[in-house]
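Structural overview for review
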Amino acid sequence: MTQVVRDIRMVDLKLQYQRLKVEIDAAMADVINSTQFIKGPQLKSFENNLAKYLQTKHVIGCANGTDSLQIAMMALDLQPGEEVITASFTYVATAEVIALLKLQPVLVEVNPDTFTIDPDAIEAAITPKTKAIVPVHLFGQCADMEAIMKIAARHNLYVIEDNAQAIGADYVFTNGEKKKSGTVGIVGSTSFFPSKNLGCYGDGGALNTNDDELAKKIRMIANHGQSVQYVHDEIGVNSRLDTLQAAVLDVKLKYLDDFAARRRSVADFYDESFKGLENVQTPVRANFSSHVFHQYTLLLKNGNRDEVRKKLEAQGIPSMVYYPIPLHQQKAYRDERYKDSSFPVTEQLCKQVLSLPIHTEFKSEDLEYIAAEFKSITNNQ
Ligand SMILES: *Cc1c(COP(=O)(O)O)cnc(C)c1O
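My aim in this report is to walk through the structure given alongside it, one point at a time. These numbers were taken from a predicted model, which means no experiment stands behind them. (Residues numbered from 1 in each chain as written. Predicted model: local features only at pLDDT ≥ 70, side-chain atom pairs only at ≥ 80, totals over all residues. Heavy atoms only, no water.)

The subject of this paragraph is the overall build of the chain. Of the regular secondary structure elements, the chain holds twelve helices and 14 strands. At 21 Å, the chain has a C-alpha radius of gyration in line with the 21 Å of a compact globule built from 381 residues. Once the C-alpha set of the chain is aligned to its principal axes, its extents read approximately 70 × 55 × 45 Å. Out of the 381 residues belonging to the chain, those deemed buried represent 55%. The contacts of the chain with a sequence gap of at least 6 include a subset with a gap of at least 24, amounting to 72%. For the chain, the accessible surface area stands at approximately 17100 Å², while carbon and sulfur atoms represent 51% of it. Distance from the positive charge centre (41 side chains) to the negative charge centre (48 side chains) of the chain: 2 Å. (Helix = DSSP H or I, 4+ residues; strand = E, 2+ residues; numbered from the N terminus. Rg over C-alpha atoms; globule rule 2.2 N^0.38 Å. Buried < 20%, exposed > 50% of the residue type's maximum accessible area, 1.4 Å probe, protein only. Contact = heavy atoms within 4.5 Å. Areas by Shrake-Rupley, 256 points an atom, 1.4 Å probe, with all protein chains shown as cover. Lys, Arg positive; Asp, Glu negative; His and termini not counted. Charge placed at Lys NZ, Arg CZ, Asp CG, Glu CD.)

Attention now goes to unusual backbone geometry. Each neighbour pair has its own omega, and for Y322 with Y323 the value is 5°, a cis peptide bond. Relative to the helices and strands, Y323 is located in the loop between helix 10 (305-314) and helix 11 (344-352). Positive phi, close to 65°, is recorded for F139, a residue that is not glycine. Mapped onto the elements, F139 comes out in the loop between strand 4 (130-134) and helix 6 (145-155). By relative accessible area, which is 3% here, F139 ends up buried. Although it is not a glycine, N156 sits at a positive phi angle of roughly 55°.

Now for the environment of S239. Position of S239 among the secondary structure elements: in the loop between strand 11 (231-232) and helix 8 (243-253). Among the residues examined, S239 registers a relative accessible area of 1% and is labelled buried. Sequence separation of S239 and I221 is 18 residues, and the distance between their C-alpha atoms is 8.6 Å. Sequence-distant contacts of S239, that is, excluding residues within four places in its chain, are made with G61, C62, A63, D67, I71 and A222. Polar side-chain contacts of S239 include one of 2.7 Å to the side chain of D67. (Polar contact = N/O pair within 3.5 Å; in protein donor to acceptor, adjacent residues only side chain to side chain.)

Attention now moves to the environment of L138. Relative to the assigned elements, L138 resides in the loop between strand 4 and helix 6. Under the relative-accessibility criterion, L138 is labelled buried at 2%. For the pair L138 and K331, spaced 193 residues apart in sequence, the C-alpha separation works out to 23 Å. Not counting chain neighbours up to four residues away, the residues in contact with L138 comprise F89, T90, F115, T116, Q165 and Y323.

Here we come to the packing of aromatic side chains. Enumeration over the complete set of coordinates arrives at 18 aromatic pairs. Members of the aromatic cluster, each reached through a chain of ring pairs, are F89, Y91, F115, F139, Y322 and Y323. Above the ring of Y369, the side-chain terminus of R6 is found at 4.3 Å from the ring centroid. (Phe/Tyr/Trp six-rings, centres within 6.5 Å; stacked < 30°, edge-to-face > 60°. Lys NZ or Arg CZ within 6 Å of the ring centre and 35° of its normal.)

Looking at the ligand, the residues that line it are N64, G65, T66, Y91, A93, V136, D162, A164, Q165, S191, K196 and G204. The separation between an oxygen atom of the ligand and a polar side-chain atom of T66 is 2.5 Å. Separating an oxygen atom of the ligand from a side-chain N or O atom of K196 is a distance of 3.1 Å. Surface burial for the ligand is 92%, taken as the share of its 380 Å² of free accessible area covered by protein chains. A per-class count over the shell around the ligand returns four nonpolar, six polar and two charged. (Near = heavy atom within 4 Å. Nonpolar A, V, L, I, M, F, W, Y, C, P; charged D, E, K, R; others polar.)

Along the polypeptide, E307 turns up in helix 10. Sequence-wise, E307 and M74 are 233 residues apart; in three dimensions their C-alpha atoms are separated by 44 Å.

Let us now look at helix 10. Turning to helix 10, its buried residues number three or more, namely R305, V308 and L312. One side of helix 10 holds all its buried residues, which, seen down the axis, span an arc of 60°. In this structure, helix 10 carries K310, E313 and A314 as exposed residues pointing more than 90 degrees from its buried face. Buried residues along helix 10 sit in contact with strand 13 (296-300), helix 11, strand 14 (353-356) and helix 12 (364-379). Residue G316 follows helix 10 closely and has a positive phi angle near 80°. (Arc of directions from axis to C-beta.)

A grouping of I32, F37 and I38 is seen on the molecular surface, where their side chains present a nonpolar patch of about 260 Å² in accessible area. Assignment of secondary structure puts I38 in the loop between helix 1 (13-34) and helix 2 (41-54). (Patch = residues over 30% accessible without salt bridge, like charges linked within 9 Å, V, L, I, M, F, W, Y side chains within 5 Å. Salt bridge = Lys/Arg side-chain N within 4 Å of Asp/Glu carboxyl O.)

The residue T346 is located in helix 11 in this model. For T346, a relative accessible area of 0% corresponds to the buried category. A distance of 2.6 Å separates polar atoms of two side chains, one belonging to T346 and the other to S88. Filtering out sequence-adjacent residues up to four positions away, T346 remains in contact with S88, F89, E109, V110 and P326.

Now the structure itself:
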């Protein structure tokens, strides 16, 4: 019997590169030949194309997704001590930049099905010091933006969308109107980290907004607060999307919807395969958002997540836990306002979530193998 050698990865950037190699190599060679590594024409082109794709007026590239959040908060002129509400179940970057700017992060609970910020919990956390809400569009689907925008309007708050994981998703309003994720609030921020749905070949990020003044200010802050060369109107940062990354992204943007479709078909296959498995909750798809499956994250409800992971690993199947420790229990973010048990949903998610491999390059026999192994492992627990 011949042994099948499988190379299953959480994300397969190698195969994706091989598929797009001719176009990407040519785009990168153009930049290298021009030597315009900073602010080359490919940056403008990508910013314009992404703005068109998102149906928004302005896109401003920057160095990474974390910076994009920080620049958004700086451009909105949030002041030390002011409160910014965000989800307790998220990647650390969201809370990190709030704290770094000496703003007060206010964590609130998430919805147990969609894992995104709970609008009722936001409303309950608002104080006279609250200035902004940062919903995180976790794992590839939008937070409940319509409810969030209503709360923000009632309390005069900014909404900054952390769209690092859901670029390309559609938010669907109750009247059927659709907007691209990240374009509902005053400003959207995103990341082009290589493994994100629209990933570059290094670090990258961007902000988007429909507000002309805010766009100007964002551009200025991202470039040392400079209005004209060597004239500095604001304290800024050095945060640029370099031309090589923009050139890669401009190629990959054309395939973003195709990437999402490929990811969705993996998710559909897993959903179908895992139907009826006891103690497994497959991802719940919100009716207010399409899902671009940055992650395929299910819940293992009988406390055996870590054993399942080990057994998958032994069969050559990687899996990940996003995220194992909630923010309020992290050493850097401990705060007397929170007890270890302040966010029961988040705490339970941290114990139960498991993300399976999902990317744009799957062969059906590898998917069938993963599904069969996962089913047999979870059935025999
Ligand atoms: C990836 C990510 C970020 C940060 O992006 P970087 O480009 O890695 O700085 C922020 N928020 C969320 C939710 C993310 O997933």
